[in-house]
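A look at the structure
What follows is the residue order along each chain.
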Amino acid sequence: MRGRERSVILALAVAAAGVICMMVWQRRQEPRKAYTKDLFAMDTYFSMTAYGPEAEDALERCAERVEELENMLSVTKEDSDIGRINAEKVNNEKESGSRIAVSEDTLTIIETALAMGEETEGALDITLYPVLREWGFTTGEYRIPEKRQLDKLLERVDDKRVEADLSAGTVSVPEGVELDLGALAKGYTGDCLLSILRERGVRSALLDLGGNIQTLGAKPDGSLWRIAVKDPFDTAHTLGVLEVADKAVITSGSYERYFLGEDGRPYWHILDPADGYPADNGLVSVTVVGDSGLRCDGLSTALFVMGKDKAVDLWRQCRDFEMILVTEEGELYLTEGLEQSFTCGEGRQVQILYDR
Ligand code: AMP
Ligand code: MG
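Residues numbered from 1 in each chain as written. Chains lettered and ligands numbered in written order. Predicted model: local features only at pLDDT ≥ 70, side-chain atom pairs only at ≥ 80, totals over all residues. Heavy atoms only, no water.

It is worth spelling out the sheet that holds strand β5 (residues 170–172) at this point. Sheet architecture is open: three strands sit in the order β3-β5-β4, paired in antiparallel fashion. The open sheet has two free edges, formed respectively by β3 (100–101) and β4 (163–165), since each of these has just one partner strand. Relative to β5, β3 runs antiparallel, the two being bridged by two bridges. Note on β5: the bridge partner recorded for I100 is V171. (Pairing = 2+ DSSP bridges. Helix = DSSP H or I, 4+ residues; strand = E, 2+ residues; numbered from the N terminus.)

What follows is the structure in structure tokens.
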């Protein structure tokens, strides 16, 4: 072989090796490549980030699923499952209510919510809708209702009168009873989105669904996700940082949605089913950490209503979740399972809650 031919072959070999190295390097980078999809849904902002070659398509499917779920669960859409259930009470004179066929998603949420209503001794009650509407929380036209009016509306609040028939795929509510799944819908949505991502081969993702955080796996480099927990007294600041993998981190707080009454006092969106007023049992925020978004979301709302002592009792009974509580005096409590994963902000003190 002549010298010139040899150098051409050598140059081609070097170029081919370069291309191969480039391809290997790109493949190595693929699992780390981030894709983000932002959207407005369920009255809030969703930001979904997933990593790796499967992420882009999977996130598109997630966006479609969010729209499907919103169309089923929205209390303000007349043709959603919830809209149809609530319209039924107007037309239906029968005490038992007729059976309305709904999706499996709606049934799953209602069934869980009814069980959690019992577990939390009525702190979570998905039949509060007539009272929430009276306060204007579903429309933004806020007002302080008369006590007499609240007492009258509370006669229609009782989740024990709701029947969910899983095998028939139906729900029945008596006349006057109306549902709102706002306390759990985003958590359930997060669970569904994580299933889609997982099924499509994504191993690392972070969903921020209006402040509800749900994580899939750890970060692409194997380190834990660092989730900032907001200071309820100053939401531009954080109380500390929680390090997690594969967990839902879901917060309910009085600062999330409220209006100032003519009396200058704040009135917030989490109501106590016992009297129909904003729940005022000493907590300003509750963050629940666990495996299921649906359960954590239902719990965060319920524990906020229950107050610290009852929340701790329930945690001791269940131990399938951990929590961070902030009281109106500014005290910060963590259950013992979070002791190692939470780093407190500077100058803050934290008290650990132990299982007896
Ligand atoms: P979250 O932000 O998850 O705590 O949910 C709050 C939403 O749940 C409110 O905007 C209402 O739609 C609804 N809600 C408020 N209080 C209750 C309650 N005690 N039980 C069930 N749902 C509630
Ligand atoms: Mg909730």
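Resuming the write-up.
A word on the environment of R226. Summarising the element assignment, R226 is placed in strand β8 (residues 225–231). Using a relative accessible area of 52% as the deciding quantity, one classes R226 as exposed. As for R226 and L114, which are separated by 112 residues in sequence, their C-alpha atoms are 33 Å apart. Not counting residues within four places of it along the chain, the set of residues in contact with R226 comprises V241, L242 and E243. A polar contact is formed between the side chain of R226 and the side chain of E243, at a distance of 3.5 Å. (Buried < 20%, exposed > 50% of the residue type's maximum accessible area, 1.4 Å probe, protein only. Contact = heavy atoms within 4.5 Å. Polar contact = N/O pair within 3.5 Å; in protein donor to acceptor, adjacent residues only side chain to side chain.)

Here we come to the packing of helix α4 (residues 104–119) against helix α8 (residues 293–306). At a closest axis distance of 11 Å, the pairing of α4 and α8 adopts a crossing angle of 45 degrees. It follows that α4 is oblique to α8 by the angle criterion. In this structure, the crossing between α4 and α8 has a hand that is right-handed. On the side of α4, the interface is formed by I109, T112, M116 and E119, while α8 contributes L294, R295, G298 and L299. Grouping the amino acids of the contact of α4 with α8 by side-chain chemistry returns four nonpolar, two polar and two charged. (Axes fitted to C-alpha atoms, helices over the stretch in contact; angles between N-to-C directions. Parallel < 35°, antiparallel > 145°, perpendicular 65-115°, else oblique. Left-handed = near helix turned anticlockwise from the far one by under 90°. Nonpolar A, V, L, I, M, F, W, Y, C, P; charged D, E, K, R; others polar.)

What follows concerns the site of ligand 1. If you check the shell around ligand 1, you find 17 residues, and the closest are A123, D180, S252, L271 and T301. At 2.6 Å, a side-chain N or O of D180 approaches an oxygen atom of ligand 1. Contact between ligand 1 and L271: a nitrogen atom at 2.8 Å from a main-chain N or O atom of the residue. When ligand 1 sits alone it has 500 Å² of accessible area, and the protein chains cover 91% of it. When the residues that make up the shell around ligand 1 are grouped by side-chain class, the tally is nine nonpolar, four polar and four charged. (Near = heavy atom within 4 Å. Areas by Shrake-Rupley, 256 points an atom, 1.4 Å probe, with all protein chains shown as cover.)

This brings us to the sheet that holds strand β9 (residues 234–244). Here we have three strands laid out as an open sheet, ordered β8-β9-β16, and antiparallel in their pairing. Two strands lie at the open edges of the sheet, namely β8 and β16 (342–344), each paired on one side alone. Across this sheet, the average inter-strand angle for adjacent strands is 35 degrees, counted without regard to direction. The pairing of β8 with β9 spans seven bridges and is classified as antiparallel. Residue pairing across strands places I227 opposite L242, the latter belonging to β9.

Glancing now at the pattern of salt bridges. Tallied over the entire structure, the rule returns 19 salt bridges. Between R133 and E178 there is a salt bridge whose closest N-O contact spans 2.7 Å. With R133 in helix α5 (residues 129–135) and E178 in the loop between β5 and α7 (185–199), this residue pair connects regions lying 45 residues apart in the sequence. The exposure class of R133 is partly exposed, given its relative accessible area of 30%. One network of salt bridges, in which partners are shared, links R61, E64, R65, E68 and D105. (Salt bridge = Lys/Arg side-chain N within 4 Å of Asp/Glu carboxyl O.)

What follows is about the nonpolar core. One finds I85, I110, L184, L197, L303 and M323 to be the most contacted residues of the largest nonpolar core, which totals 76 residues. Judged by nonpolar contacts, the second largest core, of 17 residues, contains I213, V229, V244 and L338. (Core = buried A, V, L, I, M, F, W, Y, C linked by side-chain atoms within 4.5 Å.)

In the predicted model, the protein carries a mean pLDDT of 92, and 92% of its residues have values of at least 70. Note that residues 90–94 has pLDDT below 50 and, in this model, six contacts with residues that lie over four places away or in other chains. (pLDDT = per-residue confidence, 0-100.)

Attention shifts here to helix α9 (residues 308–318). Every buried residue of α9 is listed here: A311, V312, L314 and W315. Taken around the axis of α9, the buried residues stretch over an arc of 160 degrees, which confines them to a single face. Residues D309 and Q317 are exposed on α9 and point more than 90 degrees away from its buried face. Just downstream of α9, R319 is the residue with a positive phi angle, here 55 degrees. (Arc of directions from axis to C-beta.)

A separate point is the pairing of strand β2 (residues 44–51). Of all eight residues making up β2, six are buried, and the element is well covered by its neighbours. Summarising the sheet, strand β1 (residues 34–41) and β2 pair through eight bridges and their orientation is antiparallel. Note that in β2 the partner of T36 across the bridge is T49. The antiparallel hairpin formed by β1 and β2 contains two residues in its connecting segment, where M42 sits at a positive phi of about 50 degrees. Sheet topology note: the β2/strand β6 (residues 205–209) ladder contains five bridges and is antiparallel. Along β6, the bridge assignment pairs M48 with L207.

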